[in-house]
Amino acid sequence: MASIKQFQITFDCAEPERVARFWCEVLGYVVPPPPEGCATWDDFNAALPPEQRGSAFAVVDPTGVGPRMYFQRVPEGKVVKNRLHLCVRVGTGLVGEERLAALEAECARLIPLGATRFRLLLADEDNESCLVMQDVEGNEFCLD
């Protein structure tokens, strides 16, 4: 029998802290305490060599249930569709107009945070409706 493993989700991005704080707002995640010996994350960052400052940031689920999310700076920009994306479950158990209303309400909450609406995929014989969005750096995610 296989054991269940913990995992983290890693994002390659240009501005790790900016993207991480966006996802904190989307998911209700929090920034963990700074490492021992540092009063703040700014203190930790200031102690790093200049080329490493701001190169990474992490956030966690305050309940301890969801995976840690890690954001690392990379030199190249995003140029193609994600091979992996997050689905934010805001319409679970809802159908029809009620589901669309829940998706639209969450979309309206996320746009002022920097998200972009990409496209609405309406329900068909196999799937319920979902709304494809992009985060502050253009990474796709779904509201479903």
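Heads up: these notes are all about the structure in this document. (Residues numbered from 1 in each chain as written. Predicted model: local features only at pLDDT ≥ 70, side-chain atom pairs only at ≥ 80, totals over all residues. Heavy atoms only, no water.)

### Quick notes on the overall build of the protein chain
Within the protein chain, the regular secondary structure consists of three helices and seven strands. Secondary structure elements of the protein chain occur, N-terminal to C-terminal, as β-α-α-β-β-β-α-β-β-β. By principal-axis analysis of the C-alpha atoms, the protein chain measures approximately 55 × 40 × 30 Å. For the protein chain, restricting intrachain contacts to residue pairs at least 6 apart in sequence, the fraction spanning at least 24 positions comes to 59%. Of the roughly 9300 Å² that the protein chain leaves accessible, carbon and sulfur atoms contribute 55%. In the protein chain, 14 positive and 22 negative side-chain charges are present, and the distance between their average locations comes to 4 Å. (Helix = DSSP H or I, 4+ residues; strand = E, 2+ residues; numbered from the N terminus. Contact = heavy atoms within 4.5 Å. Areas by Shrake-Rupley, 256 points an atom, 1.4 Å probe, with all protein chains shown as cover. Lys, Arg positive; Asp, Glu negative; His and termini not counted. Charge placed at Lys NZ, Arg CZ, Asp CG, Glu CD.)

### Section: helix α1 (residues 16–27)
With 12 residues, α1 ought to run about 16 Å at 1.5 Å a step, and its terminal C-alpha atoms sit 16 Å apart, in line with that. Packing partners of the buried residues in α1 comprise β1 (8–13), β2 (56–59), β3 (68–73), β4 (86–88), α3 (96–110) and β7 (140–143). In the segment just after α1, Gly28 is the residue with positive phi, at about 80°. (Expected span 1.5 Å × (residues − 1).)

### Some points on the pairing of β1
Burial of β1 is one-sided: the residues Ile9, Phe11 and Cys13 facing one way are buried, the residues Gln8, Thr10 and Asp12 facing the other way are not. Pairing of β1 with β3, which is carried by six bridges, proceeds in the parallel orientation. Each bridged residue has a counterpart across the sheet, and for Gln8 the counterpart in β3 is Arg68. (Buried < 20%, exposed > 50% of the residue type's maximum accessible area, 1.4 Å probe, protein only. Pairing = 2+ DSSP bridges.)

### Concerning the environment of Val90
In this fold, Val90 is placed in the loop between β4 and α3. The class for Val90 is partly exposed, based on a relative accessible area of 25%. When the C-alpha positions of Val90 and Asp144 are compared, they lie 5.8 Å apart, and in sequence the two are 54 residues distant. Once residues within four sequence positions are removed from consideration, Val90 is found in contact with Ala102, Leu103, Glu106, Leu143 and Asp144.

### A word on the pattern of salt bridges
Across all of its chains, the model carries six salt bridges by this definition. Note that Glu17 is salt-bridged to Arg21, the shortest N-O span being 2.8 Å. Here Arg21 and Glu17 lie together in helix α1, a separation of four residues that amounts to about one turn. Using a relative accessible area of 35% as the deciding quantity, one classes Glu17 as partly exposed. Measuring nitrogen to oxygen at the nearest pair gives 3.3 Å for the salt bridge that ties Glu140 to Lys78. Of this pair, Glu140 sits in strand β7 while Lys78 sits in the loop between β3 and β4, and the two are 62 residues apart along the sequence. Overall, Glu140 belongs to the buried group, its relative accessible area being 12%. (Salt bridge = Lys/Arg side-chain N within 4 Å of Asp/Glu carboxyl O.)

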